[in-house]
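Chain by chain, the residues run as shown.
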Amino acid sequence: MASLYLSMTEGVINHWKANANAYPRKFILTPAQHQGYVESRRKGIGGTSVNVNEHMGVPVELDESTPGVMVAADGSELTLP
């Protein structure tokens, strides 16, 4: 799930660049994606002393029916690779 961490980080950075440093609204992950994300953070990817319910200040929500998305400031959804 290191690639998920990197995709989320890249998504936030690109969103900042395209939206005058505005934060995305949230990330929505499946429980399985979130578990992999948590495990990668515990292994030290991106630092270990973090709140795994947010990523770079952006809230992380769980939903079984999502493909894994970042919700932009305008409400549009971008699927995470």
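Look up a bit, the structure's there.
In this text, all values refer to a predicted model and were calculated from it rather than measured experimentally. (Residues numbered from 1 in each chain as written. Predicted model: local features only at pLDDT ≥ 70, side-chain atom pairs only at ≥ 80, totals over all residues. Heavy atoms only, no water.)

Things to note about unusual backbone geometry
Next up, step 1: Phi is positive for Asn-21, which is not a glycine, with a value near 65°.
Next up, step 2: Looking at the secondary structure, you find Asn-21 in the loop between helix 1 (2-18) and strand 1 (26-29).
Next up, step 3: The class of Asn-21 is exposed, set by a relative accessible area of 58%. (Helix = DSSP H or I, 4+ residues; strand = E, 2+ residues; numbered from the N terminus. Buried < 20%, exposed > 50% of the residue type's maximum accessible area, 1.4 Å probe, protein only.)

Comments concerning the pattern of salt bridges
Next up, step 1: In this structure the tally under the stated criterion is one salt bridge.
Next up, step 2: One salt bridge connects Glu-61 with Lys-26, and the closest N-O pair in it is separated by 3.2 Å. Of this pair, Glu-61 sits in strand 3 (residues 58-62) while Lys-26 sits in strand 1, and the two are 35 residues apart along the sequence.
Next up, step 3: For Glu-61, a relative accessible area of 36% gives the class partly exposed.
Next up, step 4: With a relative accessible area of 23%, Lys-26 lands in the partly exposed category. (Salt bridge = Lys/Arg side-chain N within 4 Å of Asp/Glu carboxyl O.)

Some words on the pairing of strand 1
Next up, step 1: Sheet analysis places strand 1 next to strand 4 (residues 69-71), joined by three bridges and oriented antiparallel. If you follow Lys-26 over to strand 4, its bridge partner there is Val-71.
Next up, step 2: Where strand 1 lies against strand 3, three bridges are found, and the strand directions are parallel. Bridging from a neighbouring strand, Ile-28 pairs with Glu-61 of strand 3. (Pairing = 2+ DSSP bridges.)

Some details on the packing of aromatic side chains
Next up, step 1: Under the defined criterion, the tally for this structure stands at one aromatic pair.
Next up, step 2: Ring plane angle 80° and centroid distance 5.4 Å describe the contact between Trp-16 and Tyr-23, whose orientation is recorded as edge-to-face. (Phe/Tyr/Trp six-rings, centres within 6.5 Å; stacked < 30°, edge-to-face > 60°.)

Details of the pairing of strand 3
Next up, step 1: By the bridge criterion, two bridges tie strand 2 (residues 54-55) to strand 3 in an arrangement that is antiparallel. Looking at strand 3, one finds that His-55 is bridged to Val-58.
Next up, step 2: Counting the residues between successive antiparallel strands, the hairpin from strand 2 to strand 3 contains two residues, one of them, Met-56, with a positive phi of roughly 55°.

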